[in-house]
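One letter stands for each residue in the lines below.
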Amino acid sequence: MNWIAPMSTNLPDPTGLPGTGVHRIEKVALTAGLHDRSARIIGGGIAGLTAALALAARGASVTVTERAPELTEIGAGLQISPNAGRALEALGLGPALDAVSIRGRGVRMWDSAGRRIATLDFLAHRPQARFRMIHRARLIEVLAAAADAARITLRLGHAIEALPREPLVIGADGLHSRVRQVLNGTEAPFFTGQTAWRALITDPEPPTDGTGWADLFLGPKRHLVSYPLAGGLRNIVAVRQRPDWQAEGWSHHDDPAHLRAAFAAFGGPVPGWLAAVRETGIWGLFRHQVARRWHDDSRVLIGDAAHPTLPFMAQGASLAIEDAWQLAACLDALPDQPAAFERFQSLRADRATAIVALADRNARAYHLSGPARLAAHAGLRAIAAVAPARLTARFDWIYDYDPTRLGA
């Protein structure tokens, strides 16, 4: 399919404080500044499709190459926080996303018995900022529909044997990126000693007002997070420490009885949720380094290809979306492509590295046991009782970030 880029003249231009969600809508300078440029994007997932849209909106001719025979997305739910949402809204996708997502209110933390530890009320902290909880497939559908309208060329079932020699090649090809391997050589990830299950169930108590909480249950050497999705579904991700491991990737299946057995000691709503699981995926969690080299003169990495992250800050998709917008903005602002790539990496590397490191720390903090666990939970309860805003404000540097400001 060949699609033409829409030249929107009514995209949001953020003018207020970052994270307030207050925007002045006016004609913005997304002119056809890249009308003489063509781009090849390898990978048709969230990073690749968002980059295609951001480039096409600036006039570039874009081809996305995807090895899968159809544009589907395995997996279950994900969270799109306001930092990434600002880029998607600037592409005109806000209403379409709102129609297929649940607005997140915040995070409720519980111990494994189901006793409340703390509540992080992000909606109260930033009433205008939108946290969206959405099925991956619905997000891909929104991006694909926009790409269709933009007449972006999409080549499905096209495995890359050798990287194309073209002036601009964007590696959005995920964890096992061919582009990253060319730029950085062979790298070996480190197994964390943790294995995760994912599942979707029919939500026994779906939200009635279009908003919902992410519930985080913390137990010794394991944790479980769950949140509602549109369509009456509930997403479940459960992680436990174990000496063996599973391969990376979400295509591995497991017996739901193994998931139930691993979390049999958990209380609250968890037993009921797990009793409803009929199918579950399983995968091993591996720690990857942020890429040392993100680009050469013609090739550049975005998303998981550049900075894979563990899922303990729910920022993998959001970082990829930020990357996509800022890469397009850098290419638009700097006609010299190597200089644009340098600017892009300088904008992105420190932030991505800090978020990846925070996810690594959470991987340990979520699984505390013994006295350390009791002390940590007591500390959180004390802060929640006397200064609850402190808990939410700790993440302002993540959620208040506005990627549509090139100098952000």
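These lines cover the structure that appears in this document, whether it is placed above or below. These numbers were taken from a predicted model, which means no experiment stands behind them. (Residues numbered from 1 in each chain as written. Predicted model: local features only at pLDDT ≥ 70, side-chain atom pairs only at ≥ 80, totals over all residues. Heavy atoms only, no water.)

**Some remarks on the overall build of the chain**
Here comes step 1: Assigned secondary structure in the chain consists of 13 helices and 17 strands.
Here comes step 2: Counting only residues that meet the buried cut, the chain has 54% of its 408 residues in that class.
Here comes step 3: Summarising the internal contacts of the chain: among those between residues at least 6 apart in sequence, 79% fall at separations of at least 24.
Here comes step 4: Surface summary for the chain: the accessible area is close to 17200 Å², and the carbon and sulfur share equals 54%. (Helix = DSSP H or I, 4+ residues; strand = E, 2+ residues; numbered from the N terminus. Buried < 20%, exposed > 50% of the residue type's maximum accessible area, 1.4 Å probe, protein only. Contact = heavy atoms within 4.5 Å. Areas by Shrake-Rupley, 256 points an atom, 1.4 Å probe, with all protein chains shown as cover.)

**A short note on the nonpolar core**
Here comes step 1: Counting 69 residues, the largest nonpolar core has Ile41, Leu53, Leu55, Val62, Ile80, Leu93 and Ile152 as its most contacted members.
Here comes step 2: Of the residues forming this core, the biggest block, 10 residues, is contributed by helix H9 (residues 316–333).
Here comes step 3: When near neighbours in sequence (up to four residues on either side) are disregarded, Leu53 contacts Leu91, Leu93, Leu143, Ala146, Ala147, Ala150 and Ile152.
Here comes step 4: The next biggest cluster of nonpolar side chains, apart from the first, holds 34 residues, and it includes Ala214, Val239, Ala363 and Ile398. (Core = buried A, V, L, I, M, F, W, Y, C linked by side-chain atoms within 4.5 Å.)

**Some words on the pattern of salt bridges**
Here comes step 1: Taken as a whole, this structure holds 20 salt bridges when the rule is applied.
Here comes step 2: In this structure, Arg108 and Asp215 form a salt bridge, with 2.8 Å as the shortest nitrogen-oxygen distance. Taken together, the residues Arg108 in strand E6 (residues 102–111) and Asp215 in strand E12 (residues 211–219) connect sequence positions 107 residues apart.
Here comes step 3: Since its relative accessible area comes to 4%, Asp215 is described here as buried.
Here comes step 4: A salt bridge links Arg242 to Asp244; the nearest nitrogen and oxygen atoms lie 2.7 Å apart.
Here comes step 5: For Arg242, a relative accessible area of 18% gives the class buried.
Here comes step 6: Among the ionic contacts, a cluster of salt bridges with common partners joins Glu89, Asp98, Arg130 and Arg132. (Salt bridge = Lys/Arg side-chain N within 4 Å of Asp/Glu carboxyl O.)

**Topic: the layout of surface pockets**
Here comes step 1: Volume-wise, the second largest pocket comes out at about 360 Å³.
Here comes step 2: Elements with a minimum of two residues in the lining of the second largest pocket: E6 and E12. (1 Å grid on protein atoms, 1.4 Å probe; cavity = no way out; pocket = protein on both sides within 12 Å on 5 of 7 lines; lining within 4 Å. Points joined across faces, edges and corners; volume = space filled by probe spheres on them.)

**Here we look at the pairing of strand E11 (residues 190–202)**
Here comes step 1: Pairing between E11 and strand E16 (residues 280–287): 7 bridges, direction antiparallel. The residue of E16 that forms the bridge with Phe190 is Arg287.
Here comes step 2: Both E11 and strand E14 (residues 233–241) contribute to a ladder of 9 bridges, which runs antiparallel. Bridge pairing in E14 links Thr202 to Leu233. (Pairing = 2+ DSSP bridges.)

**Section: the side chain of Arg103**
Here comes step 1: Of note, Arg103 is situated in strand E6.
Here comes step 2: The side chain of Arg103 is buried and forms no salt bridge, while Asp98, the nearest opposite charge, is found at 7.4 Å.
Here comes step 3: At a separation of 3.1 Å, a polar atom in the side chain of Arg103 contacts the main-chain carbonyl oxygen of Ala129. (Lys, Arg positive; Asp, Glu negative; His and termini not counted. Polar contact = N/O pair within 3.5 Å; in protein donor to acceptor, adjacent residues only side chain to side chain.)

**Observations regarding unusual backbone geometry**
Here comes step 1: One non-glycine residue, Arg151, lies in the positive phi region at around 55 degrees.
Here comes step 2: When you line up the elements, Arg151 lands in the loop between helix H5 (136–149) and strand E9 (153–155).
Here comes step 3: With phi around 65 degrees, Lys221 is a residue other than glycine that occupies positive phi space.
Here comes step 4: Here Lys221 shows up in the loop between E12 and strand E13 (222–229).
Here comes step 5: Judged by relative accessible area, Lys221 falls into the partly exposed class, the value being 42%.

**Overview of helix H2 (residues 82–90)**
Here comes step 1: Of all 9 residues in H2, 9 are buried; the element is thus mostly enclosed.
Here comes step 2: Two residues or fewer past H2, Gly92 is found with a positive phi of approximately 85 degrees.

**A word on the packing of aromatic side chains**
Here comes step 1: For the structure shown, the criterion picks out 12 aromatic pairs.
Here comes step 2: Ring centres 5.9 Å apart and planes at 80 degrees place the aromatic pair Phe312 and Tyr366 in the edge-to-face group. Of the two residues, Phe312 is situated in the loop between strand E17 (299–301) and H9 and Tyr366 in the loop between helix H10 (337–365) and helix H11 (370–386); the sequence distance between them amounts to 54 residues.
Here comes step 3: The class for Phe312 is buried, based on a relative accessible area of 4%.
Here comes step 4: One aromatic cluster is present, built from ring pairs that chain together Phe122, Phe131, Phe395 and Tyr399.
Here comes step 5: It is Arg58 that lies over the ring of Trp325; its NZ or CZ is 4.4 Å from the centre.
Here comes step 6: The residue whose ring lies beneath Arg351 is Tyr401, and the NZ or CZ to ring-centre distance is 3.8 Å. (Phe/Tyr/Trp six-rings, centres within 6.5 Å; stacked < 30°, edge-to-face > 60°. Lys NZ or Arg CZ within 6 Å of the ring centre and 35° of its normal.)

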